[in-house]
Amino acid sequence: MSKELIYQQHFLPSSRAELVDVLQHTLTKTRFEHVLRVEQTALQLALQNDVSLEKASIAGLTHDYAKQRPNQDFIKVIQENKMDPDLLNYGNAIWHGVVGAELVKQELHVWDEDILNAIRHHTTGAQVMSKLEQVIYMADYIEPGRDFPGVVEARQITQASLSAGVAYQTKQTLQYLIEHDKAVYPKTIATYNAWVATNGGN
Ligand SMILES: [Fe+2]
Ligand SMILES: [Fe+2]
């Protein structure tokens, strides 16, 4: 897999090298290395699932763009963009995707809604997810640096079927949140109903 994908479709006004440079100066070393691995995993999954490599590269690299922003930045975006006020009851774990996508739009000038949705939904999933959204959701979960019980199974399932991987991750995540008494963002439940529950969702 080439690391030096050349962007030709104008989803981003800069080159990949310029984007990587911005990220290197925006993110901690650990997170920067994570996004590079997510990009590479996303490119592999994109190739296997007939998804645009250029979109997979941009979404993979930018999915955690806002992860290290202070809370005030997210609160400001939620208020200025008149986003769902319920978002204020959550924190960085939800905000860096759902709200972070707006910062990617404003600051990196990415306007493609498929790429923005992949960023928005990378932690919660969504009832309906494009192939690109599924690729980023899974690449973030199974990139080679991940090490948690079940990651080997998650990789095997995702190789066999991208949508089965989405279902697997969704179920594991909800189980984790419940076991640890953590708040569940409603979209995560909607994702579970649509992708996992046999009598729920659509
Ligand atoms: Fe993230
Ligand atoms: Fe991530």
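Quick note: structure is the one above.
Being a predicted model, the structure only gives us computed values, none of them experimental. (Residues numbered from 1 in each chain as written. Chains lettered and ligands numbered in written order. Predicted model: local features only at pLDDT ≥ 70, side-chain atom pairs only at ≥ 80, totals over all residues. Heavy atoms only, no water.)

Peer 1: So, helix H8 (residues 131–142): which residues are in play, and what are the values?
Peer 2: Compared with the 16 Å implied by 1.5 Å per residue over 12 residues, the 16 Å span of H8 between its first and last C-alpha is a close match. Judged by how many residues are buried, H8 sits mostly within the fold: 11 of 12 residues are covered. Along H8, the residues classified as buried are Leu132, Glu133, Gln134, Val135, Ile136, Tyr137, Met138, Ala139, Asp140, Tyr141 and Ile142. (Helix = DSSP H or I, 4+ residues; strand = E, 2+ residues; numbered from the N terminus. Expected span 1.5 Å × (residues − 1). Buried < 20%, exposed > 50% of the residue type's maximum accessible area, 1.4 Å probe, protein only.)

Peer 1: Describe the pattern of salt bridges, and please don't skip the residues or the numbers.
Peer 2: Close approach of charged atoms allows side chains with opposite charge to pair. Under the defined criterion, the tally for this structure stands at 14 salt bridges. Through salt bridges with shared partners, one network takes in Glu102, Lys105, Glu113 and Arg120. (Salt bridge = Lys/Arg side-chain N within 4 Å of Asp/Glu carboxyl O.)

Peer 1: So what's going on with the packing of aromatic side chains? Which residues, and what values?
Peer 2: To describe a pair of aromatic rings, one takes the distance between the centres and the angle between the planes. On inspection of all chains with the given rule, the structure shows three aromatic pairs. When the centroid spacing of 5.9 Å and the interplanar angle of 40° are considered together, the rings of phenylalanine 74 and tryptophan 95 count as tilted. With phenylalanine 74 in helix H4 (residues 71–80) and tryptophan 95 in helix H5 (residues 92–98), the pair connects residues that are 21 residues apart, well separated along the chain. In this structure, phenylalanine 74 and tryptophan 95 share a single accessibility class: buried. Both rings, one in tyrosine 90 and one in tyrosine 185, keep their centres 4.9 Å apart while their planes meet at 80°; by these two values the pair is edge-to-face. Here tyrosine 90, found in the loop between H4 and H5, pairs with tyrosine 185, found in the loop between helix H10 (162–179) and helix H11 (186–195); they are 95 residues apart in sequence, far enough to count as distant. We classify tyrosine 90 as buried; its relative accessible area is 18%. (Phe/Tyr/Trp six-rings, centres within 6.5 Å; stacked < 30°, edge-to-face > 60°.)

Peer 1: Outline the coordination of the iron ion (ligand 1), listing residues and values.
Peer 2: Bound to the iron ion (ligand 1) are the protein donor atoms Asp64 (OD), His96 (NE2) and His122 (NE2), situated 2.1 Å from the metal. Between the donor residues of the iron ion (ligand 1), the gaps in sequence give the motif D-x31-H-x25-H. (Donors = N, O, S within 2.8 Å, 3.2 Å for Na, K, Ca; no water.)

Peer 1: Explain helix H6 (residues 100–108) residue by residue, including any values.
Peer 2: Burial analysis of H6 places seven of its nine residues in the buried class, which makes it a mostly covered element. All of the buried residues in H6 are Gly100, Ala101, Glu102, Leu103, Val104, Lys105 and Leu108. Buried residues along H6 sit against helix H1 (16–26), helix H3 (53–62), H4, H5 and helix H7 (113–120). Histidine 109 occupies a position one or two residues after H6 and carries a positive phi of about 60°. (Contact = heavy atoms within 4.5 Å.)

Peer 1: How would you summarise the packing of helix H2 (residues 29–48) against H3 if you had to cite specific residues and measurements?
Peer 2: The description of two helices packed together rests on the angle between their axes and the distance between the axes. Between H2 and H3, the shortest axis-to-axis distance is 8 Å and the interhelical angle comes to 155°. Considering the angle they form, H2 stands roughly antiparallel to H3. Handedness of the H2/H3 crossing: right-handed. Touching Val35, Leu36, Val38, Glu39, Ala42, Leu43, Ala46 and Leu47 of H2 are Leu53, Ala56, Ser57, Gly60 and Leu61, all from H3. The class makeup of the residues in the contact of H2 with H3 is 10 nonpolar, two polar and one charged. (Axes fitted to C-alpha atoms, helices over the stretch in contact; angles between N-to-C directions. Parallel < 35°, antiparallel > 145°, perpendicular 65-115°, else oblique. Left-handed = near helix turned anticlockwise from the far one by under 90°. Nonpolar A, V, L, I, M, F, W, Y, C, P; charged D, E, K, R; others polar.)

Peer 1: If you had to explain the coordination of the iron ion (ligand 2) to someone new, which residues and values would you point to?
Peer 2: In a perfect tetrahedron of four donors around a metal, the angles come out at 109.5 degrees. In a perfect octahedron of six, they are 90 or 180 degrees. Of the protein atoms, only His34 (NE2), His63 (NE2), Asp64 (OD) and Asp140 (OD) coordinate the iron ion (ligand 2), at distances of 2.1 to 2.3 Å. For the iron ion (ligand 2), the four donor atoms in the first shell make angles of 82 to 175° at the metal, so the coordination geometry reads as irregular. Between the iron ion (ligand 2) and the iron ion (ligand 1), the interatomic distance is 3.4 Å, and aspartate 64 donates to each metal, bridging them. Placement of the pair is histidine 63 in the loop between H3 and H4 and aspartate 140 in helix H8, with a sequence separation of 77 residues. (Tetrahedral: all angles 85-135°; square planar, octahedral: opposite > 155°, others 65-115°.)

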